[in-house]
Every structure is written in structure tokens, then in C-alpha cells.
Amino acid sequence: MSPRQRLQPAERRAQLLAVAARLFAAHPYDEVLMEDIADHAGVSRALLYRHFPNKRDLFAALYGQVAEQLLAQTRLDPADSLVEQLTEGLDAHIEYFAQNRNTVLAANRVLAGDRVIQTIIAGELDSLRERLLGVLPLDDDRTREAVSGVLKSWLVFVQVLCVDWLTEETCTAAELRDVCIGAVLGAVRPLLDEDPAPDWPH
């Protein structure tokens, strides 16, 4: 182990999360030990436990950071077409999922019953739903409520579909993205007076 480098608490926390991100991405959740994270970070176990009392808390902090980063990469701008925005957001998520398969499977399978992890996931999905509602042509509150319900179900569909895809890639990432786009357009078109994607096939 190299000599420990003195860091400010925020810097140390960021370093520990970066190390944890690499290990959780490379190995299944159950195979990653707190001792391994401490060793790879070059810190004592006591120091690691001062920042994160247990592995679940460390993973939750990491996945919360991931959710924030993915939201930052999901840019929804009314100046762009809906399909362009959906493509950009889905590509960012699917690319992260593919590169961090073990991390995503841990959050959605191993820790599927964990309230903290699921609250993080639900929070990201709610943020995405609100962003989509902000760029769709919604004429009144009744339409907004109907579309909001559809989007809530669609986002869960996308989550389940992408997690299943990680376990068995039955199609390409581009095909997966287009299935998701086609699904949401087909679902919201009957509720809208204006087609949100006239160039996308019906």
C-alpha cells in the first residue's frame, strides 16, 4: 500500500466513491468487500468506515451520484425535436448501463428491495418524467395528467427492459433505444392534438 495521501473530507469521499465505482462495475455486488475498497483506495478500513458505515450506504451514495450524472446528461430542450432529446437521453443511459452492468444489476436486482436505493431510482424517473412533460405539447391539465401517467409507466418499462437487456442482449443498443422511443410515441400520440414526432413512423 502506498503512503496515505492527506485529503480534505470532501476530496476523500470523492476518491472513495471513484474507487468504489470501478470495483462495483468490475464485480458483482456480493463480491465487492469494504476491505477491497479500502485497499484499492490506499486507506485504512477505519477511515473508510468513517465516511461510509457499510457497503449499502457506500453503494447508495455512489448510485445517487450516478443518477445525478445521468440526469445532467439528459438534456431536454424545447428547441430540439422530441426524438432528438429522447435519443440523447436514452443513449446516455444505455451507454452507462452497458459499461457498468454489475452496478446497474446490483441496484435493480440485488438491492431491488432496498428502500434507499429504490428511492434514488424513483427520484431520477420522476425528474425525467417532469422534464418530458415540460417539452411535450400539452394543452390542458387533463391532458397533462393523462400523459404524466403514461410517462410514469413508460419509464418503468424502459427500466425493466434495459435491465433485462443487460442479462441477455437480444438486440443492439440502437435497437433497444428505438424500441423505447417507439413505445413512448405510440403511447402518448392518442392523448395529444399535435403529433410530437411527425417524422417518426406510426
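Structure shown above.
Summarised in this report is the structure supplied together with it.

**Some points on the pattern of salt bridges**
All chains considered together, the criterion is met by nine salt bridges. Of the charged contacts, one joins Arg-56 and Asp-57 as a salt bridge, the two residues approaching to 2.9 Å between their closest N and O atoms. The residue Arg-129 makes a salt bridge to Asp-126 at a minimum N-O spacing of 3.0 Å. Of the two residues, Arg-129 and Asp-126 both sit in helix α7 (residues 115-135), three residues apart, roughly one turn of that helix. Linked by salt bridges that have partners in common, Arg-56, Asp-57 and Asp-114 make up one network.

**Comments concerning helix α8 (residues 141-167)**
Here α8 is 27 residues long and its end C-alpha atoms lie 40 Å apart, about the 39 Å a rise of 1.5 Å per residue gives. Along α8, the positions that sit buried rather than exposed are Thr-143, Val-147, Ser-148, Leu-151, Trp-154, Leu-155, Val-158, Gln-159, Cys-162, Val-163, Trp-165 and Leu-166. Where the residues of α8 are buried, they touch α5 (82-99), α6 (101-110), α7 and α9 (173-188). N-cap assignment for α8: the residue whose side-chain oxygen lies 3.2 Å from the backbone N of Arg-142 is Asp-140.

**With respect to the side chain of Asp-114**
With respect to the helices and strands, Asp-114 occurs in the loop between α6 and α7. Note on Asp-114: relative accessible area 13%, which makes it buried. At a separation of 2.8 Å, a polar atom in the side chain of Asp-114 contacts the side chain of Arg-56. Here Val-116 takes part through its backbone nitrogen, which lies 3.0 Å from a polar atom of the side chain of Asp-114.

**Structural notes on a negative patch on the surface**
A contiguous patch of negative charge on the surface is contributed by Asp-139, Asp-140, Asp-141, Glu-145, Asp-193 and Glu-194. Summarising the element assignment, Asp-140 is placed in the loop between α7 and α8. Residue classification places Asp-140 among the partly exposed residues on the basis of a relative accessible area of 39%.

**A look at the packing of aromatic side chains**
Scanning the entire structure with this criterion turns up five aromatic pairs. Each ring, one from Phe-24 and one from Tyr-29, has its centre 5.7 Å from the other, and the planes form 15°; the classification is stacked. Of the residues examined, Tyr-29 reaches a relative accessible area of 8% and is grouped as buried. Between the aromatic rings of Tyr-96 and Phe-97, the centroid separation amounts to 6.4 Å while the plane-to-plane angle is 70°, which identifies the pairing as edge-to-face. Like Tyr-96, the residue Phe-97 is buried in the burial classification. The rings of Phe-24, Tyr-29, Phe-59 and Tyr-63 are connected pair by pair, giving a single aromatic cluster. Lys-55 extends its terminal NZ or CZ atom over the ring of Tyr-29, reaching a point 4.1 Å from the ring centre.

**A short note on the environment of His-51**
Counting through the fold element by element, His-51 comes out in helix α3 (residues 45-51). Taking the C-alpha atoms as reference points, His-51 and Arg-12, 39 residues apart in sequence, are found 8.6 Å from one another.

Rules used in this analysis
- Counting from 1, residues in each chain are numbered in the order their sequence is written.
- Only residues with pLDDT of at least 70 are given local features in this predicted model, and only at 80 or more are side-chain atom pairs given and counted; all residues enter the totals for whole chains, interfaces and linings.
- Think of the side-chain values as coming from all heavy atoms in the structure, minus any hydrogens and water.
- When a carboxyl oxygen of Asp or Glu is within 4 Å of a side-chain nitrogen of Lys or Arg, the pair counts as a salt bridge.
- Helix numbers and strand numbers start at the N terminus; a helix is a DSSP run of H or I with at least 4 residues, a strand a run of E with at least 2.
- In this analysis, the expected span of each helix is defined as 1.5 Å times one less than the number of residues it contains.
- Burial here depends on accessible area, computed with a 1.4 Å probe over protein chains only, as a share of the maximum for the residue type. Under 20% is buried, over 50% is exposed, and the range in between is partly exposed.
- Residues are treated as being in contact if the distance between any of their heavy atoms lies within 4.5 Å.
- The definition of a polar contact used here is a pair of N or O atoms within 3.5 Å, where within protein one atom must be able to donate a hydrogen and the other to accept one, and adjacent residues in sequence count solely through side-chain atom pairs.
- Patches here are clusters of residues that have more than 30% relative accessible area and form no salt bridge, with a 9 Å joining cutoff for like charges and a 5 Å cutoff for nonpolar side chains (Val, Leu, Ile, Met, Phe, Trp, Tyr).
- For the area figures, the Shrake-Rupley method with a 1.4 Å probe applies, and any residue is considered shielded solely by the protein chains shown.
- By the counting scheme adopted, Arg and Lys are positive, Glu and Asp are negative, and His together with the chain ends is not counted.
- All charge positions are set by atom: Lys at NZ, Arg at CZ, Asp at CG, Glu at CD.
- Two rings from Phe, Tyr or Trp (for Trp, the six-membered ring) form a pair when their centres sit within 6.5 Å of each other. Planes less than 30 degrees apart are called stacked, planes more than 60 degrees apart edge-to-face, and all others tilted.
- Look at NZ for Lys and CZ for Arg. If either is within 6 Å of the ring centre and within 35 degrees of the ring normal, a charge sits over the ring.

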